[in-house]
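# Structural overview
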Amino acid sequence: MRIGLIGAGRIGAFHAGTLQAHPDVGELLVADADAGRARQVAAAAGGRALPVDALFAARPDALVIASATAAHARLVARAAQEGLPAFCEKPIALDLAGTVAALDAAEAAGAVLQIGFQRRFDPGYAAARQAVAAGKLGRLHTVRTVSSDPAPPPAAYVPLSGGLYRDCLIHDFDILTWVTGRAVTEVYAAGANVGADYFRAAGDADTAAVLLTLEGGVLATATATRYNAAGYDVRMELAGTDDQVAVGVAARTPLTSVEPGTAALPGPPWSGFLDRFGSAYRAEMDTFLRVARGAEANPCEGRDALRALLVAEACEVSRRERRPVPVAEVEAAARACRGEARKGAVA
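This structure is a prediction, so every number in the text was calculated from the model and none was measured. (Residues numbered from 1 in each chain as written. Predicted model: local features only at pLDDT ≥ 70, side-chain atom pairs only at ≥ 80, totals over all residues. Heavy atoms only, no water.)

### Overview of the pairing of strand β5 (residues 86-89)
To be explicit about the condition: Only protein chains enter the area calculation, which uses a 1.4 Å probe; residues under 20% of their type maximum are buried, those over 50% are exposed, and those in between are partly exposed. Secondary structure elements are taken from DSSP: a helix is a run of H or I of four residues or more, a strand is a run of E of two residues or more, and numbering for both begins at the N terminus. Two strands form a pair only when DSSP identifies at least two bridges running between them. Place the viewer so that the strands point away; then a crossover is right-handed whenever the path from the first strand over the helix to the second strand goes clockwise.
The alternating pattern of β5 places Ala86 and Cys88 on one face and Phe87 and Glu89 on the opposite face, and all of these are buried. Pairing geometry for strand β4 (residues 62-65) and β5, over three bridges, is parallel. Residue pairing for β5: Val64 is matched across the bridge by Phe87. Read as a crossover between parallel neighbours, the route from β4 over helix α4 (residues 72-82) to β5 is right-handed. The sheet contact formed by β5 and strand β6 (residues 113-116) spans four bridges and is parallel. Pairing of Glu89 across the sheet is with Gly116, part of β6.

Here's what the structure looks like:
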């Protein structure tokens, strides 16, 4: 297969290495807004660097979108118009209107669009999902998620990220639904600024907590912070009437028990998302190549990205207005976006 990769930053370079090593990839074409960076990543992966227009003109068999978020929606729509199966890192766009427009373009063209929620491909989350589905926990009543970065991102990144709910916690919102099989119906979110001033200046929070109500009355909490010098910490706990399970609790979890007689971590803590989820990223890319060939059904469709974004948008409203927000309230705004887009297309 000939694969196009747009975006040669940290995750793009990782995907380039995965694609270069994959037995089904015969040629890798790399494009980036920074031509020098594209050449560097292409050379390291044995690929060929091209401008974006030339990459599309080369007619690859599939496209991997790992560019800056602001370009995602436009590239998704262009891939759909070109009939290219596409993989896109989350989010599709930072707003509902952009997300809905890109999804409508992909669906109107009947194009394949797989979204990069890599936690779905992590063995721990898959095992937790299986345990819930098999009823091993009894009646599920409580879920807790934790997402903690070891250090904050650069100041220039924050205004372009979409904020802590859309950039970081959106993974928790997706995996909550995927593991439990239940949609989020309502959120109550709070955010705090206890670190660098540039988060507040961008209208963002560096620490957040969300209380979520899921279908059937299951309660969940999701917390996130940009400041956890102990290491990269992503966990999920699920509690039911019969049992409890945890994901992300292992030898490298940056969590120290202060109970007497407990041992310290036997190994170095996870340093970041590529360290913790490297195998999951490789598994999702392997799956995408099969999906692009028509050998497997899409396990993470564009509508999954919209569902997670609706929860993140509800959190932003809740934090701003200090009230519980039904996800259906934000979903109505998404439908309005679709209606306006269709009216514009007719006009």
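### Considering the sheet that holds strand β7 (residues 140-148)
Stated precisely, the cut-off is as follows: Contact between two residues is taken to exist if any of their heavy atoms lie within 4.5 Å; hydrogens are not considered. Only the stretch in contact is used when a helix axis is fitted, and all axes are lines through C-alpha atoms; the angle between N-to-C directions ranges over 0 to 180 degrees.
If you walk across this open sheet you meet the seven strands as β12-β11-β7-β10-β9-β8-β13, and the pairing is mixed. Edge positions in the sheet fall to β12 (244-247) and β13 (325-326), since each of these pairs with one other strand and no more. In terms of strand pairing, β7 meets strand β10 (residues 219-225) through seven bridges, oriented parallel. When the bridges of β10 are listed, Val143 appears paired with Ala220. Across the sheet, helix α8 (residues 164-180) is in contact with β7, β8 (184-192), β9 (207-214), β10 and β11 (233-240); its angle to β9 comes to roughly 30°.

### Concerning the packing of aromatic side chains
Heads up, the rule is: Any pair of Phe, Tyr and Trp rings, taking the six-membered ring for Trp, is counted once the centres come within 6.5 Å. Such a pair is stacked with planes under 30 degrees apart, edge-to-face with planes over 60 apart, and tilted for the rest.
On inspection of all chains with the given rule, the structure shows six aromatic pairs. Relative to Tyr281, the ring of Phe14 lies with its centre 5.9 Å away and its plane at 65°, an arrangement referred to as edge-to-face. Of this pair, Phe14 sits in helix α1 (residues 10-21) while Tyr281 sits in helix α10 (residues 273-293); the two residues are 267 residues apart in sequence, bridging distant segments of the chain. Summarising the burial analysis for this pair, Phe14 and Tyr281 share the class buried.

### Concerning the sheet that holds β4
Strand order in the open sheet formed by six strands is β3-β2-β1-β4-β5-β6, with parallel pairing between adjacent strands. What marks the edges here is a single partner per strand, and that holds for β3 (48-49) and β6. Across five bridges, strand β1 (residues 2-6) lies against strand β2 (residues 27-31) in parallel orientation. Note on β2: the bridge partner recorded for Leu5 is Val30.

### Details of the state of the cysteines
So the rule is basically this: Put simply, a disulfide is two cysteine sulfurs that come within 2.5 Å.
Considering all chains together, one arrives at zero disulfides under this definition. Take Cys168: it sits in no disulfide, and the sulfur closest to it among the cysteines is that of Cys315, at 12 Å. Since its relative accessible area comes to 0%, Cys315 is described here as buried.

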